[in-house]
Amino acid sequence: MNQEFSFPMPTLARSPRGLLIEQVALADVAERFGTPVYVYSRAALTDAYDAYRRALGARRSLVCCSVKANSNLGVLSVFARLGAGFDIVSGGELARVLAAGGRADHVVFSGVGKSRAEMRQALEAGIRCFNVESATELERLNGIAAEVGKTAPVALRVNPDVDPKTHPYISTGLKSNKFGVAFGDALALYRRAAALPHLRVCGIDCHIGSQLLDSAPMVEAARRMLDLVDRLAGEGLHLEHIDFGGGLGIRYRDEAAPTVGAYLAPLLKLFEGRPEELFFEPGRSLTGNAGLLLTRIEYLKPGEEKNFAIVDAAMNDLLRPSLYGGWHAVVELAERDVPKRTVDVVGPICESGDFLARGRDLAVEEGDFLALLSAGAYGMSMSSNYNSRPRAAEVLVDGQEVHLVRARETVESLYALECPLPSSQS
Ligand SMILES: *Cc1c(COP(=O)(O)O)cnc(C)c1O
(Lines give C-alpha, C1' and ligand atoms only; values in the text may rest on other atoms or scores of the structure.)
Protein backbone atom coordinates (compact mmCIF):
# COMPACT_ATOMS: atom_id res chain seq x y z
CA MET A 1 0.00 0.00 0.00
CA ASN A 2 1.61 3.25 -0.99
CA GLN A 3 1.81 6.12 1.45
CA GLU A 4 -0.50 8.43 -0.51
CA PHE A 5 -3.40 6.02 -0.39
CA SER A 6 -6.18 7.69 1.54
CA PHE A 7 -8.70 5.45 3.23
CA PRO A 8 -11.95 5.12 1.33
CA MET A 9 -13.66 4.44 4.66
CA PRO A 10 -14.65 7.71 6.33
CA THR A 11 -14.39 6.59 9.96
CA LEU A 12 -10.97 4.97 9.72
CA ALA A 13 -7.81 6.68 10.96
CA ARG A 14 -4.21 6.04 11.97
CA SER A 15 -3.28 6.71 15.59
CA PRO A 16 -0.58 5.78 18.09
CA ARG A 17 -2.89 2.87 19.01
CA GLY A 18 -2.73 1.61 15.44
CA LEU A 19 -5.62 1.72 13.02
CA LEU A 20 -8.85 3.04 14.56
CA ILE A 21 -12.45 2.74 13.47
CA GLU A 22 -14.32 5.57 15.16
CA GLN A 23 -12.63 5.55 18.60
CA VAL A 24 -11.90 1.86 18.75
CA ALA A 25 -8.50 0.30 18.06
CA LEU A 26 -9.01 -2.48 15.54
CA ALA A 27 -6.24 -4.54 17.13
CA ASP A 28 -8.30 -4.63 20.34
CA VAL A 29 -11.30 -5.91 18.38
CA ALA A 30 -9.17 -8.60 16.77
CA GLU A 31 -7.73 -9.70 20.12
CA ARG A 32 -11.08 -9.69 21.88
CA PHE A 33 -13.24 -11.39 19.25
CA GLY A 34 -10.65 -13.30 17.28
CA THR A 35 -10.20 -13.28 13.51
CA PRO A 36 -11.57 -13.28 10.90
CA VAL A 37 -14.06 -10.69 12.07
CA TYR A 38 -16.16 -8.15 10.21
CA VAL A 39 -16.23 -4.69 11.76
CA TYR A 40 -18.85 -2.07 10.92
CA SER A 41 -19.00 1.58 11.88
CA ARG A 42 -22.36 2.93 13.00
CA ALA A 43 -21.25 6.49 12.21
CA ALA A 44 -20.30 5.52 8.66
CA LEU A 45 -23.60 3.70 8.11
CA THR A 46 -25.50 6.69 9.47
CA ASP A 47 -23.53 9.20 7.40
CA ALA A 48 -24.12 7.20 4.23
CA TYR A 49 -27.87 7.09 4.84
CA ASP A 50 -27.96 10.77 5.81
CA ALA A 51 -26.23 11.65 2.55
CA TYR A 52 -29.26 10.28 0.70
CA ARG A 53 -31.67 12.08 3.02
CA ARG A 54 -29.81 15.35 2.61
CA ALA A 55 -29.67 15.02 -1.17
CA LEU A 56 -33.40 14.30 -1.30
CA GLY A 57 -34.27 17.16 1.06
CA ALA A 58 -38.01 17.78 1.36
CA ARG A 59 -38.79 15.67 -1.70
CA ARG A 60 -41.22 12.85 -0.85
CA SER A 61 -39.00 9.80 -1.01
CA LEU A 62 -38.07 6.48 0.52
CA VAL A 63 -34.52 5.17 0.79
CA CYS A 64 -34.69 1.38 0.94
CA CYS A 65 -31.45 -0.28 2.01
CA SER A 66 -30.69 -3.28 -0.14
CA VAL A 67 -30.65 -6.09 2.41
CA LYS A 68 -28.63 -8.42 0.20
CA ALA A 69 -25.61 -6.13 0.43
CA ASN A 70 -25.51 -6.51 4.21
CA SER A 71 -28.17 -8.40 6.07
CA ASN A 72 -26.80 -8.38 9.61
CA LEU A 73 -29.52 -7.53 12.14
CA GLY A 74 -27.29 -5.03 13.92
CA VAL A 75 -26.62 -3.17 10.69
CA LEU A 76 -30.28 -3.32 9.63
CA SER A 77 -31.34 -2.01 13.04
CA VAL A 78 -29.18 1.10 12.53
CA PHE A 79 -31.09 1.84 9.33
CA ALA A 80 -34.45 0.93 10.85
CA ARG A 81 -33.90 3.49 13.61
CA LEU A 82 -33.11 6.11 10.98
CA GLY A 83 -36.52 5.45 9.43
CA ALA A 84 -35.15 3.74 6.34
CA GLY A 85 -37.00 1.40 4.05
CA PHE A 86 -35.62 -1.93 2.88
CA ASP A 87 -35.27 -3.65 -0.47
CA ILE A 88 -35.57 -7.40 -0.08
CA VAL A 89 -35.19 -10.30 -2.49
CA SER A 90 -36.44 -13.19 -0.34
CA GLY A 91 -38.71 -14.15 2.52
CA GLY A 92 -35.61 -14.68 4.62
CA GLU A 93 -34.63 -11.05 4.12
CA LEU A 94 -38.14 -9.92 5.08
CA ALA A 95 -37.88 -11.90 8.31
CA ARG A 96 -34.53 -10.23 9.02
CA VAL A 97 -35.92 -6.75 8.44
CA LEU A 98 -38.79 -7.36 10.83
CA ALA A 99 -36.49 -8.95 13.43
CA ALA A 100 -34.26 -5.87 13.19
CA GLY A 101 -37.18 -3.54 13.90
CA GLY A 102 -37.78 -2.42 10.31
CA ARG A 103 -41.24 -1.39 9.18
CA ALA A 104 -43.04 -3.76 6.81
CA ASP A 105 -44.78 -0.86 5.11
CA HIS A 106 -41.35 0.47 4.14
CA VAL A 107 -40.31 -2.75 2.38
CA VAL A 108 -40.13 -3.29 -1.37
CA PHE A 109 -39.76 -6.85 -2.63
CA SER A 110 -37.61 -7.41 -5.74
CA GLY A 111 -36.46 -10.61 -7.42
CA VAL A 112 -37.36 -12.79 -10.40
CA GLY A 113 -38.27 -15.92 -8.47
CA LYS A 114 -40.68 -15.04 -5.67
CA SER A 115 -42.29 -18.22 -4.38
CA ARG A 116 -45.94 -18.57 -3.37
CA ALA A 117 -44.92 -18.84 0.27
CA GLU A 118 -42.85 -15.66 0.01
CA MET A 119 -45.74 -13.78 -1.58
CA ARG A 120 -48.05 -14.93 1.21
CA GLN A 121 -45.54 -13.94 3.87
CA ALA A 122 -45.05 -10.47 2.35
CA LEU A 123 -48.79 -9.87 1.90
CA GLU A 124 -49.46 -10.85 5.47
CA ALA A 125 -46.68 -8.59 6.72
CA GLY A 126 -48.13 -5.71 4.69
CA ILE A 127 -45.15 -4.64 2.61
CA ARG A 128 -45.11 -1.42 0.63
CA CYS A 129 -44.71 -2.85 -2.86
CA PHE A 130 -43.92 -5.93 -4.90
CA ASN A 131 -41.51 -5.19 -7.72
CA VAL A 132 -42.93 -7.63 -10.24
CA GLU A 133 -40.54 -8.98 -12.86
CA SER A 134 -42.73 -11.02 -15.25
CA ALA A 135 -46.24 -11.54 -16.62
CA THR A 136 -46.68 -14.86 -14.86
CA GLU A 137 -45.56 -13.37 -11.58
CA LEU A 138 -48.42 -10.84 -11.89
CA GLU A 139 -50.92 -13.65 -12.33
CA ARG A 140 -49.48 -15.67 -9.46
CA LEU A 141 -49.46 -12.66 -7.13
CA ASN A 142 -53.07 -11.87 -8.02
CA GLY A 143 -54.03 -15.44 -7.17
CA ILE A 144 -52.19 -15.48 -3.84
CA ALA A 145 -53.62 -12.10 -2.88
CA ALA A 146 -57.11 -13.48 -3.54
CA GLU A 147 -56.35 -16.49 -1.33
CA VAL A 148 -55.18 -14.41 1.62
CA GLY A 149 -57.88 -11.79 1.12
CA LYS A 150 -55.54 -8.87 0.43
CA THR A 151 -54.75 -6.48 -2.35
CA ALA A 152 -51.15 -6.64 -3.49
CA PRO A 153 -49.42 -3.33 -4.19
CA VAL A 154 -47.34 -3.71 -7.36
CA ALA A 155 -44.75 -1.94 -9.46
CA LEU A 156 -43.39 -3.42 -12.65
CA ARG A 157 -39.66 -3.73 -12.84
CA VAL A 158 -38.96 -2.56 -16.34
CA ASN A 159 -35.83 -3.19 -18.25
CA PRO A 160 -34.91 0.15 -19.79
CA ASP A 161 -32.24 -1.46 -22.02
CA VAL A 162 -29.86 1.44 -21.57
CA ASP A 163 -27.26 1.46 -24.34
CA PRO A 164 -24.38 -0.77 -23.24
CA LYS A 165 -21.98 0.80 -25.74
CA THR A 166 -21.90 4.10 -23.95
CA HIS A 167 -22.13 2.52 -20.53
CA PRO A 168 -20.47 -0.88 -20.63
CA TYR A 169 -20.53 -1.28 -16.84
CA ILE A 170 -24.27 -1.70 -16.75
CA SER A 171 -25.08 -5.26 -16.12
CA THR A 172 -28.71 -5.71 -15.17
CA GLY A 173 -30.68 -3.34 -17.38
CA LEU A 174 -30.03 -4.99 -20.73
CA LYS A 175 -32.40 -6.99 -22.88
CA SER A 176 -30.10 -9.97 -22.59
CA ASN A 177 -30.45 -10.56 -18.86
CA LYS A 178 -33.03 -12.22 -16.67
CA PHE A 179 -34.23 -9.17 -14.78
CA GLY A 180 -37.34 -7.08 -15.31
CA VAL A 181 -39.88 -6.97 -18.12
CA ALA A 182 -38.95 -5.76 -21.58
CA PHE A 183 -39.67 -2.11 -22.04
CA GLY A 184 -41.78 -2.80 -25.09
CA ASP A 185 -44.04 -5.15 -23.11
CA ALA A 186 -44.52 -2.85 -20.14
CA LEU A 187 -47.56 -0.93 -21.36
CA ALA A 188 -49.55 -4.08 -22.09
CA LEU A 189 -48.52 -5.59 -18.77
CA TYR A 190 -49.61 -2.49 -16.88
CA ARG A 191 -53.01 -2.73 -18.55
CA ARG A 192 -53.20 -6.36 -17.55
CA ALA A 193 -52.16 -5.60 -13.96
CA ALA A 194 -54.75 -2.85 -13.70
CA ALA A 195 -57.43 -5.32 -14.76
CA LEU A 196 -56.51 -7.92 -12.13
CA PRO A 197 -58.84 -7.53 -9.14
CA HIS A 198 -56.41 -8.31 -6.33
CA LEU A 199 -53.60 -6.05 -7.47
CA ARG A 200 -53.18 -2.34 -6.91
CA VAL A 201 -50.82 -0.81 -9.44
CA CYS A 202 -48.81 1.79 -7.57
CA GLY A 203 -45.41 2.27 -9.15
CA ILE A 204 -42.66 1.54 -11.59
CA ASP A 205 -39.21 0.21 -10.82
CA CYS A 206 -35.85 -0.42 -12.43
CA HIS A 207 -32.37 -1.42 -11.32
CA ILE A 208 -29.83 -1.06 -14.07
CA GLY A 209 -26.62 -2.28 -12.49
CA SER A 210 -24.08 -1.90 -9.75
CA GLN A 211 -20.95 0.11 -8.99
CA LEU A 212 -22.10 2.92 -11.32
CA LEU A 213 -19.75 5.89 -11.22
CA ASP A 214 -21.79 8.27 -13.33
CA SER A 215 -25.47 9.21 -13.28
CA ALA A 216 -25.90 9.38 -17.06
CA PRO A 217 -27.25 5.83 -17.51
CA MET A 218 -29.58 6.25 -14.55
CA VAL A 219 -30.91 9.49 -16.01
CA GLU A 220 -31.41 7.83 -19.37
CA ALA A 221 -33.34 5.00 -17.70
CA ALA A 222 -35.35 7.57 -15.74
CA ARG A 223 -36.33 9.41 -18.94
CA ARG A 224 -37.63 6.19 -20.40
CA MET A 225 -39.58 5.42 -17.26
CA LEU A 226 -41.08 8.92 -17.22
CA ASP A 227 -42.22 8.46 -20.76
CA LEU A 228 -44.04 5.31 -19.74
CA VAL A 229 -45.47 6.96 -16.61
CA ASP A 230 -46.95 9.75 -18.72
CA ARG A 231 -48.36 7.33 -21.28
CA LEU A 232 -50.01 5.38 -18.46
CA ALA A 233 -51.40 8.58 -16.96
CA GLY A 234 -52.89 9.32 -20.37
CA GLU A 235 -54.81 6.07 -20.03
CA GLY A 236 -55.99 6.98 -16.56
CA LEU A 237 -53.42 4.86 -14.69
CA HIS A 238 -51.61 7.15 -12.28
CA LEU A 239 -48.49 5.76 -10.63
CA GLU A 240 -47.66 6.95 -7.13
CA HIS A 241 -43.99 6.19 -7.03
CA ILE A 242 -40.93 5.69 -9.18
CA ASP A 243 -38.20 3.37 -7.90
CA PHE A 244 -34.72 3.84 -9.33
CA GLY A 245 -33.17 0.78 -7.72
CA GLY A 246 -29.64 0.89 -6.38
CA GLY A 247 -26.30 0.97 -8.13
CA LEU A 248 -24.31 3.99 -6.97
CA GLY A 249 -20.67 2.95 -6.84
CA ILE A 250 -18.08 3.53 -4.14
CA ARG A 251 -14.35 4.05 -4.02
CA TYR A 252 -12.44 0.86 -3.36
CA ARG A 253 -9.12 2.07 -4.74
CA ASP A 254 -8.98 5.16 -6.92
CA GLU A 255 -12.42 5.16 -8.51
CA ALA A 256 -13.91 8.62 -8.88
CA ALA A 257 -17.20 7.79 -7.20
CA PRO A 258 -19.61 10.73 -7.22
CA THR A 259 -21.14 11.95 -4.00
CA VAL A 260 -24.76 10.98 -3.45
CA GLY A 261 -25.71 14.61 -3.99
CA ALA A 262 -23.91 14.83 -7.32
CA TYR A 263 -25.27 11.48 -8.43
CA LEU A 264 -28.87 12.35 -7.64
CA ALA A 265 -28.84 15.99 -8.76
CA PRO A 266 -29.65 15.43 -12.47
CA LEU A 267 -32.31 12.93 -11.52
CA LEU A 268 -33.97 15.28 -9.05
CA LYS A 269 -33.90 18.01 -11.67
CA LEU A 270 -35.70 15.75 -14.09
CA PHE A 271 -38.41 15.11 -11.50
CA GLU A 272 -38.79 18.68 -10.29
CA GLY A 273 -42.43 19.58 -9.83
CA ARG A 274 -43.67 16.04 -10.43
CA PRO A 275 -45.94 14.47 -7.82
CA GLU A 276 -44.49 10.96 -7.67
CA GLU A 277 -42.70 9.73 -4.56
CA LEU A 278 -39.13 8.65 -5.39
CA PHE A 279 -37.73 5.35 -4.11
CA PHE A 280 -34.09 4.30 -4.06
CA GLU A 281 -32.58 0.92 -3.21
CA PRO A 282 -28.93 1.60 -2.42
CA GLY A 283 -26.78 -1.26 -1.18
CA ARG A 284 -23.07 -0.81 -1.71
CA SER A 285 -23.18 2.97 -1.28
CA LEU A 286 -24.74 2.60 2.20
CA THR A 287 -22.69 -0.21 3.69
CA GLY A 288 -19.62 -0.79 1.48
CA ASN A 289 -17.32 1.74 3.09
CA ALA A 290 -18.80 1.26 6.54
CA GLY A 291 -17.26 -2.17 7.03
CA LEU A 292 -13.98 -4.05 6.90
CA LEU A 293 -12.71 -7.55 7.45
CA LEU A 294 -9.95 -8.18 9.99
CA THR A 295 -7.67 -11.13 9.52
CA ARG A 296 -4.41 -12.45 10.97
CA ILE A 297 -1.38 -13.60 9.03
CA GLU A 298 -0.81 -17.28 9.78
CA TYR A 299 2.23 -17.77 7.56
CA LEU A 300 4.52 -15.78 5.33
CA LYS A 301 5.47 -18.16 2.57
CA PRO A 302 8.15 -17.13 0.12
CA GLY A 303 7.97 -18.69 -3.33
CA GLU A 304 10.06 -18.70 -6.47
CA GLU A 305 7.72 -16.44 -8.39
CA LYS A 306 5.53 -15.06 -5.70
CA ASN A 307 5.40 -14.54 -1.98
CA PHE A 308 2.29 -15.34 -0.06
CA ALA A 309 0.76 -14.01 3.09
CA ILE A 310 -1.50 -16.85 4.17
CA VAL A 311 -4.21 -15.37 6.36
CA ASP A 312 -7.04 -16.82 8.43
CA ALA A 313 -9.75 -15.24 6.24
CA ALA A 314 -10.58 -16.79 2.90
CA MET A 315 -12.83 -16.70 -0.12
CA ASN A 316 -15.65 -18.16 1.97
CA ASP A 317 -15.50 -15.00 4.12
CA LEU A 318 -15.00 -12.47 1.32
CA LEU A 319 -15.84 -13.77 -2.11
CA ARG A 320 -15.59 -10.63 -4.23
CA PRO A 321 -11.92 -10.98 -5.21
CA SER A 322 -12.33 -14.59 -6.39
CA LEU A 323 -15.78 -14.09 -7.87
CA TYR A 324 -15.23 -11.03 -9.99
CA GLY A 325 -11.81 -9.66 -9.33
CA GLY A 326 -13.05 -7.25 -6.66
CA TRP A 327 -10.24 -5.12 -5.27
CA HIS A 328 -9.98 -4.38 -1.55
CA ALA A 329 -7.30 -2.25 0.06
CA VAL A 330 -5.17 -4.24 2.50
CA VAL A 331 -3.88 -2.25 5.45
CA GLU A 332 -1.60 -3.23 8.31
CA LEU A 333 -3.13 -2.51 11.71
CA ALA A 334 0.24 -1.64 13.20
CA GLU A 335 2.96 0.31 11.43
CA ARG A 336 6.07 -1.82 11.63
CA ASP A 337 9.67 -1.03 11.00
CA VAL A 338 10.34 -4.04 8.78
CA PRO A 339 11.07 -4.14 5.06
CA LYS A 340 8.06 -4.29 2.78
CA ARG A 341 7.49 -7.41 0.82
CA THR A 342 5.22 -7.92 -2.15
CA VAL A 343 2.74 -10.64 -1.39
CA ASP A 344 -0.46 -12.25 -2.54
CA VAL A 345 -2.86 -12.35 0.39
CA VAL A 346 -4.45 -15.78 0.27
CA GLY A 347 -6.64 -17.93 2.47
CA PRO A 348 -6.36 -21.54 3.65
CA ILE A 349 -9.02 -22.90 1.27
CA CYS A 350 -8.05 -25.62 -1.18
CA GLU A 351 -8.65 -23.61 -4.34
CA SER A 352 -6.15 -21.64 -6.38
CA GLY A 353 -8.89 -19.03 -6.68
CA ASP A 354 -8.78 -18.48 -2.94
CA PHE A 355 -7.13 -15.09 -2.86
CA LEU A 356 -8.14 -11.85 -1.19
CA ALA A 357 -5.58 -9.53 -2.76
CA ARG A 358 -2.65 -9.83 -5.13
CA GLY A 359 0.73 -8.14 -5.41
CA ARG A 360 0.47 -5.93 -2.33
CA ASP A 361 3.43 -4.32 -0.60
CA LEU A 362 3.13 -4.97 3.10
CA ALA A 363 5.43 -4.38 6.05
CA VAL A 364 4.38 -7.35 8.11
CA GLU A 365 5.46 -10.38 10.08
CA GLU A 366 3.69 -13.60 10.87
CA GLY A 367 0.96 -13.09 13.44
CA ASP A 368 0.22 -9.52 12.35
CA PHE A 369 -3.30 -8.31 11.71
CA LEU A 370 -4.52 -6.95 8.39
CA ALA A 371 -7.69 -5.08 7.49
CA LEU A 372 -9.41 -5.61 4.16
CA LEU A 373 -11.23 -2.36 3.59
CA SER A 374 -14.53 -1.54 1.89
CA ALA A 375 -15.95 -4.93 2.80
CA GLY A 376 -19.25 -3.80 4.33
CA ALA A 377 -21.27 -4.67 1.22
CA TYR A 378 -21.37 -8.10 -0.39
CA GLY A 379 -18.89 -9.35 2.19
CA MET A 380 -20.50 -11.33 5.00
CA SER A 381 -23.76 -11.56 3.06
CA MET A 382 -22.03 -13.64 0.37
CA SER A 383 -20.05 -15.77 2.78
CA SER A 384 -20.29 -19.55 2.96
CA ASN A 385 -19.08 -22.49 4.99
CA TYR A 386 -16.92 -23.94 2.23
CA ASN A 387 -14.20 -26.20 3.65
CA SER A 388 -16.30 -26.43 6.85
CA ARG A 389 -15.15 -23.03 7.92
CA PRO A 390 -17.36 -21.41 10.56
CA ARG A 391 -18.39 -17.96 9.41
CA ALA A 392 -16.71 -14.93 10.90
CA ALA A 393 -18.01 -12.91 13.83
CA GLU A 394 -19.43 -9.45 13.15
CA VAL A 395 -19.12 -6.41 15.39
CA LEU A 396 -20.62 -2.96 15.19
CA VAL A 397 -18.57 -0.09 16.54
CA ASP A 398 -20.38 2.96 17.90
CA GLY A 399 -18.03 5.67 19.19
CA GLN A 400 -16.05 3.91 21.90
CA GLU A 401 -18.46 1.02 22.14
CA VAL A 402 -18.16 -2.35 20.47
CA HIS A 403 -21.24 -4.54 19.99
CA LEU A 404 -20.97 -8.15 18.94
CA VAL A 405 -23.80 -8.36 16.37
CA ARG A 406 -23.07 -11.90 15.22
CA ALA A 407 -21.17 -14.49 17.19
CA ARG A 408 -18.60 -16.58 15.38
CA GLU A 409 -20.17 -19.81 14.19
CA THR A 410 -19.22 -23.00 15.96
CA VAL A 411 -18.09 -26.05 14.02
CA GLU A 412 -20.90 -28.10 15.60
CA SER A 413 -23.49 -25.70 14.22
CA LEU A 414 -22.22 -26.40 10.71
CA TYR A 415 -23.44 -29.99 10.81
CA ALA A 416 -26.23 -29.63 13.37
CA LEU A 417 -28.84 -30.35 10.68
CA GLU A 418 -26.98 -33.38 9.33
CA CYS A 419 -26.69 -36.94 10.53
CA PRO A 420 -24.71 -40.04 9.65
CA LEU A 421 -26.57 -43.09 8.35
CA PRO A 422 -28.22 -44.93 11.25
CA SER A 423 -26.04 -47.72 12.68
CA SER A 424 -28.65 -50.33 11.69
CA GLN A 425 -27.67 -49.56 8.12
CA SER A 426 -24.64 -51.51 6.96
C1 LIG B 1 -28.51 -5.63 -5.70
C2 LIG B 1 -29.70 -4.76 -5.83
C3 LIG B 1 -29.70 -3.48 -5.29
C4 LIG B 1 -28.50 -2.86 -4.62
O5 LIG B 1 -27.49 -2.62 -5.54
P6 LIG B 1 -26.18 -1.79 -5.16
O7 LIG B 1 -25.40 -1.76 -6.40
O8 LIG B 1 -25.50 -2.48 -4.04
O9 LIG B 1 -26.64 -0.41 -4.74
C10 LIG B 1 -30.87 -2.74 -5.38
N11 LIG B 1 -31.96 -3.25 -6.01
C12 LIG B 1 -31.99 -4.47 -6.56
C13 LIG B 1 -33.20 -4.96 -7.22
C14 LIG B 1 -30.85 -5.27 -6.50
O15 LIG B 1 -30.86 -6.48 -7.05
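Structure: above.
Quick caveat: nothing in here was measured; it's all calculated off a predicted structure.

(A) Examining the overall build of the protein more closely. The number of helices and strands found in the protein is 12 helices and 21 strands. Computed over the C-alpha atoms, the radius of gyration of the protein is 23 Å, within 12% of the 22 Å expected from 2.2 N^0.38 for a compact globule of 426 residues. If you line up the protein on its principal axes, its C-alpha atoms span 70 × 65 × 40 Å. Counting the 426 residues in the protein, one finds 55% classified as buried. Sequence-distant contacts in the protein: of pairs separated by 6 or more residues, those separated by 24 or more amount to 69%. Total accessible area on the protein is roughly 18,300 Å²; 51% of this is exposed by carbon and sulfur atoms. One way to put it: in the protein the 46 positive side-chain charges average out to a point 4 Å from where the 53 negative ones average out.

(B) Region of the structure containing the environment of Val 330. Position of Val 330 among the secondary structure elements: in strand E16 (residues 330–332). Each C-alpha atom, one on Val 330 and one on Leu 356, is 9.0 Å from the other, the two residues being 26 residues apart in sequence.

(C) Broad picture of the site of the ligand. Close contacts around the ligand come from 14 residues, with Lys 68, Ser 210, Glu 281, Arg 284 and Tyr 378 the closest. The side chain of Glu 281 places a nitrogen or oxygen atom 2.7 Å from a nitrogen atom of the ligand. Between the ligand and the protein, one listed contact pairs an oxygen atom with a backbone N or O atom of Arg 284 at 2.8 Å. Its free accessible area being 390 Å², the ligand has 94% of it covered by the protein chains.

(D) Spotlight on the packing of helix H8 (residues 216–234) against helix H9 (residues 260–270). Where H8 meets H9, the axes come as close as 10 Å, and the angle between the chain directions of the two elements is 20°. In terms of their interaxial angle, H8 and H9 are classed as roughly parallel. The hand of the H8/H9 crossing is right-handed. Each of Met 218, Val 219, Ala 222, Arg 223 and Leu 226 in H8 lies in contact with H9, whose residues at this interface are Tyr 263, Pro 266, Leu 267 and Leu 270. Taken together, the residues that form the contact of H8 with H9 break down as 8 nonpolar, no polar and 1 charged.

(E) Representation of the nonpolar core. Counting 97 residues, the largest nonpolar core has Phe 130 and Phe 244 as its most contacted members. Per-element tally for this core: the top contributor is H8, with 9 residues. Here Phe 130 is in contact with Phe 109, Lys 114, Met 119, Ala 122, Leu 123, Leu 141, Ala 152, Pro 153, Val 154 and Ala 155, once residues within four sequence places are set aside. Judged by nonpolar contacts, the second largest core, of 27 residues, contains Ile 250, Leu 294, Ala 329 and Val 402.

(F) Quick look at the sheet that holds strand E3 (residues 24–25). The sheet built from 3 strands is open, its strands ordered E1-E2-E3 with antiparallel pairing. Each edge of the sheet is formed by a strand with only one pairing partner; in this case those strands are strand E1 (12–13) and E3. With 2 bridges connecting them, E1 and strand E2 (residues 20–21) associate as antiparallel partners. Across the sheet, residue Leu 12 finds its bridge partner in E2, namely Ile 21.

(G) Main features of the pairing of strand E11 (residues 199–205). With 6 of 7 residues buried, E11 is to be regarded as a mostly interior element. For E11 and strand E12 (residues 241–243), the ladder comprises 3 bridges, and the chain directions are parallel. Residue Gly 203 lies in a different strand from E12, and its bridge partner there is His 241. On the question of chirality, the crossover connecting E11 to the parallel E12 by way of H8 is right-handed.

(H) Focus on the pattern of salt bridges. By the definition in use, this model includes 22 salt bridges. One salt bridge connects Lys 114 with Glu 137, and the closest N-O pair in it is separated by 2.6 Å. With Lys 114 in the loop between strand E7 (107–109) and helix H5 (116–125) and Glu 137 in helix H6 (residues 135–148), this pair connects stretches of sequence that are 23 residues apart. Across this residue pair, the class does not change: Lys 114 and Glu 137 are buried. In this structure, Arg 391 engages Glu 409 in a salt bridge whose closest nitrogen and oxygen atoms are separated by 3.2 Å. Of this pair, Arg 391 sits in the loop between strand E19 (369–372) and strand E20 (393–398) while Glu 409 sits in the loop between strand E21 (401–406) and helix H12 (411–414), and the two are 18 residues apart along the sequence. Owing to a relative accessible area of 15%, Glu 409 belongs among the buried residues under this scheme. Through salt bridges with shared partners, a single ionic network connects Arg 60, Arg 128 and Glu 277.

(I) Focus on the packing of helix H4 (residues 91–99) against H5. At a minimum axis separation of 9 Å, H4 and H5 run at an interaxial angle of 25°. Between H4 and H5, the interaxial angle falls into the category roughly parallel. The two elements H4 and H5 meet at a crossing, and its hand is left-handed. Between H4, through Gly 91, Leu 94, Ala 95 and Leu 98, and H5, the contact on the second element is made entirely by Glu 118, Gln 121, Ala 122 and Ala 125.

(J) Representation of unusual backbone geometry in the model. Look at the link from Thr 35 to Pro 36: it is a cis peptide, with omega at -5°. Turning to its location among the elements, Pro 36 is positioned in the loop between helix H1 (26–33) and strand E4 (37–41). We note that Tyr 378 has phi near 55°; this positive angle belongs to a residue other than glycine. With respect to the element layout, Tyr 378 can be found in the loop between E19 and E20.

Rules behind the numbers
- Residues numbered from 1 in each chain as written.
- Predicted model: local features only at pLDDT ≥ 70, side-chain atom pairs only at ≥ 80, totals over all residues.
- Heavy atoms only, no water.
- Helix = DSSP H or I, 4+ residues; strand = E, 2+ residues; numbered from the N terminus.
- Rg over C-alpha atoms; globule rule 2.2 N^0.38 Å.
- Buried < 20%, exposed > 50% of the residue type's maximum accessible area, 1.4 Å probe, protein only.
- Contact = heavy atoms within 4.5 Å.
- Areas by Shrake-Rupley, 256 points an atom, 1.4 Å probe, with all protein chains shown as cover.
- Lys, Arg positive; Asp, Glu negative; His and termini not counted.
- Charge placed at Lys NZ, Arg CZ, Asp CG, Glu CD.
- Near = heavy atom within 4 Å.
- Polar contact = N/O pair within 3.5 Å; in protein donor to acceptor, adjacent residues only side chain to side chain.
- Axes fitted to C-alpha atoms, helices over the stretch in contact; angles between N-to-C directions.
- Parallel < 35°, antiparallel > 145°, perpendicular 65-115°, else oblique.
- Left-handed = near helix turned anticlockwise from the far one by under 90°.
- Nonpolar A, V, L, I, M, F, W, Y, C, P; charged D, E, K, R; others polar.
- Core = buried A, V, L, I, M, F, W, Y, C linked by side-chain atoms within 4.5 Å.
- Pairing = 2+ DSSP bridges.
- Right-handed = clockwise from strand over helix to strand, strands pointing away.
- Salt bridge = Lys/Arg side-chain N within 4 Å of Asp/Glu carboxyl O.

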